[in-house]
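The residues making up each chain are set out below.
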Amino acid sequence: MNTTSRKRYIAGALVALGFAATAVPAHAVQKGDWLIRGGVGHVSPTGDGQSAAGKVEADSATSLAVNFTYMTTDNWGVELLGALPFKHDIDLEGAGTVGEAKQLPPTLILLYNFNPKSTARFYAGAGLNYTTFFSEKTSGPLAGADLKLDDSFGLAAEAGVDIDINKDMFFNASLWWMDIDTEAEITAGGVPV
């Protein structure tokens, strides 16, 4: 059986409530402000891997997510995305769920805020993602085998909007795309399966 498979993922939406850590109202975002967003993140893998036994796919996952943005100018900011672990079931075509893995996708983005003085602030950005996989387990027909997923570096992009609720809080919705490419290896007793 071919022991490797490659996957590409799209990280879906972050729907969040945020606040501006600043002395000025949220609808006057400016240089030096910190923006903190926390909410629900959803990761939807796209693409699939191939093994000698068939097509391999990972399912979607949802977790709590947070990001921190520091505005270096009124328009430009640097953002770091973090989250609690996302847990994905791994399915093998014709065999059902054969394993699971957790992942964390910390991502650093340089973003541009198109209208920093508005009550609805649209932004977009690009940067780098590092995804680490851990707590891999096998189940079903592969129960007892060892599963290892390689960590990944890749490009990332996002687009979003902050909409003011009041002078201290705002609602956020954003879409993230991350190029996550991992290779999986399955062994039993140290021998590739």
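Please refer to the structure higher up on the page.
Residues numbered from 1 in each chain as written. Predicted model: local features only at pLDDT ≥ 70, side-chain atom pairs only at ≥ 80, totals over all residues. Heavy atoms only, no water.

Trainee: An account of unusual backbone geometry is needed here, citing residue identities and associated values.
Mentor: The residue S135 is not glycine, and still its phi comes out positive at about 55 degrees. Of note, S135 is situated in strand β10 (residues 120-138). According to the relative accessible area criterion, S135 is partly exposed, its value standing at 34%. (Helix = DSSP H or I, 4+ residues; strand = E, 2+ residues; numbered from the N terminus. Buried < 20%, exposed > 50% of the residue type's maximum accessible area, 1.4 Å probe, protein only.)

Trainee: Break down the environment of G54 for me, citing the residues and quoting the values.
Mentor: For G54, the location among the structural elements is in strand β4 (residues 54-58). Taking the C-alpha atoms as reference points, G54 and A95, separated by 41 residues in sequence, lie 9.2 Å from one another. Not counting residues within four places of it along the chain, the set of residues in contact with G54 comprises G49, L92 and E93. (Contact = heavy atoms within 4.5 Å.)

Trainee: Tell me about the packing of aromatic side chains, and please be specific about residues and values.
Mentor: Counted by the stated rule, this structure contains four aromatic pairs. Aromatic side chains Y112 and F114 sit 5.2 Å apart centroid to centroid with 75 degrees between the ring planes, which places their arrangement in the edge-to-face category. With relative accessibility at 51%, the residue F114 sits in the exposed group. Ring geometry for Y130 against F153: centres 4.8 Å apart, planes inclined by 45 degrees, an arrangement best described as tilted. Residue Y130 is found in strand β10, and its partner F153 is found in strand β12 (residues 152-164); the two are separated by 23 residues along the sequence. Looking at F153, the relative accessible area reads 71%, which means it is exposed. Every member of this aromatic cluster is reached through a ring pair, and the members are W76, Y112 and F114. One Lys or Arg, R121, reaches over the ring of F170 and ends 5.8 Å from the middle of that ring. (Phe/Tyr/Trp six-rings, centres within 6.5 Å; stacked < 30°, edge-to-face > 60°. Lys NZ or Arg CZ within 6 Å of the ring centre and 35° of its normal.)

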